[in-house]
Amino acid sequence: MELWILFGTFTFLLLIGTPVAFCLGVSSFATVLYLGLPPVVIFQRLNSGVSVFALMAIPFFIYAGDLMVRGDIARRLVALAGSLVGHLRGGLGQVNILASVMFGGVSGSAAADASAVGGLMVPQMKARGYGVDYAVNITVVGSIIALMIPPSHNMIIYSISAGGRISIADLFTAGIIPGLLLALCLMVAAWVVAKQRGYPTEAFPGLRAMGHLFVSAVPGLILIAIIFGGVRSGVFTASESSNIAVVYALLVTLLVYRTLSWEDFKEATFAAVRTTAMVLMVIGCAASFGWLLAYLKVPTAMVSLLQGVSENPLVILLLLNIVLLILGTFMDMSPLIVITTPIFLPVATAFGVDPVHFGVILILNLGIGLCTPPVGAVLFVGCAVGRIPISQALQTIWPFYGAAVAALLLVTYVPALSLWLPSLFH
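Residues numbered from 1 in each chain as written. Predicted model: local features only at pLDDT ≥ 70, side-chain atom pairs only at ≥ 80, totals over all residues. Heavy atoms only, no water.

Under an unreviewed UniProt entry, the name given to the protein is TRAP transporter large permease protein, and the source organism is Sinorhizobium sojae CCBAU 05684. Looking at the Subcellular location (unreviewed entry) heading of the UniProt record, one finds this comment for the protein: "Cell inner membrane". (UniProt positions renumbered as here; feature names shortened; annotations may be inferred.)

Here's what the structure looks like:
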């Protein structure tokens, strides 16, 4: 009965349009009242959920990414990407994907990537004769590359949701090869669709022009090296890295590029505060929800249930992926990480899956959910940028969905893609 109250209340509130944080908090509160536990336990769990030092990294990474967006970094990275892959079939589509790889290493946010890269690329692609649906679909699915490449704040949320036992540095490292694999799969899909539609290639600008564009983009690329190199080497923690990223972003945009106005600075600051407040509210309420799941022994029951279905880890991983893909279509990513990690991580580890490997699977899987209706936040952003209805984008997005799912299956069943690079640092 307790589980019916917990999940029933949550589902009902979600269906009537209640914000996710309140769905989690109210359903947890109702369940605690039914159990006869002191209601104050909900607020204690909420407070402990956000009183984690590692969470300090999230607002500062968000802030650094927003400063970079408004400080002209995205345009320079897009220009560099154009010189590298613009000459391939479907040139601007390939540029869009590679730009997402580069900008993802700066922002760590799929929504920021879709907004920044899409805002630059979609109008250019429309002007060059590309279908607006093609431009939007590449922007939307390509943006989830940002979730895999450092500094992905969702990796930090996963580490905290796992009890802080998983190294953030290992997670950052583990996501690099899967992120590049996802980019490769999407570039193949973009090439195939572009060939079918007869889209053009761009002229190769020459090595000299490429060199100039690289030099122009170097300050933005250095930020990627600072974040990853510092955390991976142990010189500073993820939280310290995020603070350094903000200071560096300010120095570059104010003193090097001189593109950040006072208005842009204020807007970036207020936007980071708003986003942080929303994220932390969700994390706190999800911590209460997750505590109740553990109290009601849901993870143990889930392990027993799946063991009754199959003892084969390959089958279990497939089932977990299917469940996560379905859940990802109905909820945003951050609360899902906090809710599903305590349930599914014990299941995965019980069948011999490394926690770092499972984290990469989880992030990529839920990233695909961000591109899927009815609650596909990144899909909404991409369609808003391209000014097309979601129904129009969904008619032709399937090759890119297929490429993302193919990357997910490879990452799921080839653990070395996630674990080889972190093993080099141990």
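Asks: When you look at the pattern of salt bridges in this model, what are you seeing that I'm missing?
Replies: When the charged atoms of two side chains lie near each other, side chains of opposite charge can form a pair. For the coordinates displayed, the defined rule picks out two salt bridges. With its nearest N and O atoms 3.0 Å apart, the salt bridge here joins D133 to R197. Residue D133 is located in helix α8 (residues 132-142), and its partner R197 is located in helix α11 (residues 176-197); the two are separated by 64 residues in the primary sequence. Residue R197 is classed as partly exposed on the basis of its relative accessible area, which comes to 35%. A salt bridge links K266 to E263, with the nearest nitrogen and oxygen atoms 3.3 Å apart. Residue K266 and its partner E263 are both found in helix α14 (residues 262-295); the two are separated by three residues, about one turn of the helix. Among the residues examined, E263 registers a relative accessible area of 43% and is labelled partly exposed. (Salt bridge = Lys/Arg side-chain N within 4 Å of Asp/Glu carboxyl O. Helix = DSSP H or I, 4+ residues; strand = E, 2+ residues; numbered from the N terminus. Buried < 20%, exposed > 50% of the residue type's maximum accessible area, 1.4 Å probe, protein only.)

Asks: In this structure, what is going on with the side chain of S100? I would like to understand it.
Replies: By the element assignment, S100 lies in helix α6 (residues 91-107). If we skip the residues at most four places from it in the chain, S100 touches D113, V117, G142, S143 and I145. (Contact = heavy atoms within 4.5 Å.)

Asks: What is the right way to read the layout of surface pockets from this model?
Replies: Over the atoms rolls a probe the size of a water molecule, and in doing so it shows where empty space is left. Volume-wise, the largest pocket comes out at about 1,100 Å³. Looking at the largest pocket, it is lined by 38 residues, and the ones nearest its centre are A111, T275, M278, V279 and D332. If one sorts the elements of the lining of the largest pocket by residue count, α14 sits on top with seven residues. Residue classes in the lining of the largest pocket are distributed as 26 nonpolar, eight polar and four charged. By volume, the second largest pocket amounts to about 570 Å³. Taken together, 22 residues line the second largest pocket, and the ones lying closest to its centre are F7, F10, T11, L327 and M331. Of the residues contributing to the lining of the second largest pocket, the split by class is 20 nonpolar, two polar and no charged. (1 Å grid on protein atoms, 1.4 Å probe; cavity = no way out; pocket = protein on both sides within 12 Å on 5 of 7 lines; lining within 4 Å. Points joined across faces, edges and corners; volume = space filled by probe spheres on them. Nonpolar A, V, L, I, M, F, W, Y, C, P; charged D, E, K, R; others polar.)

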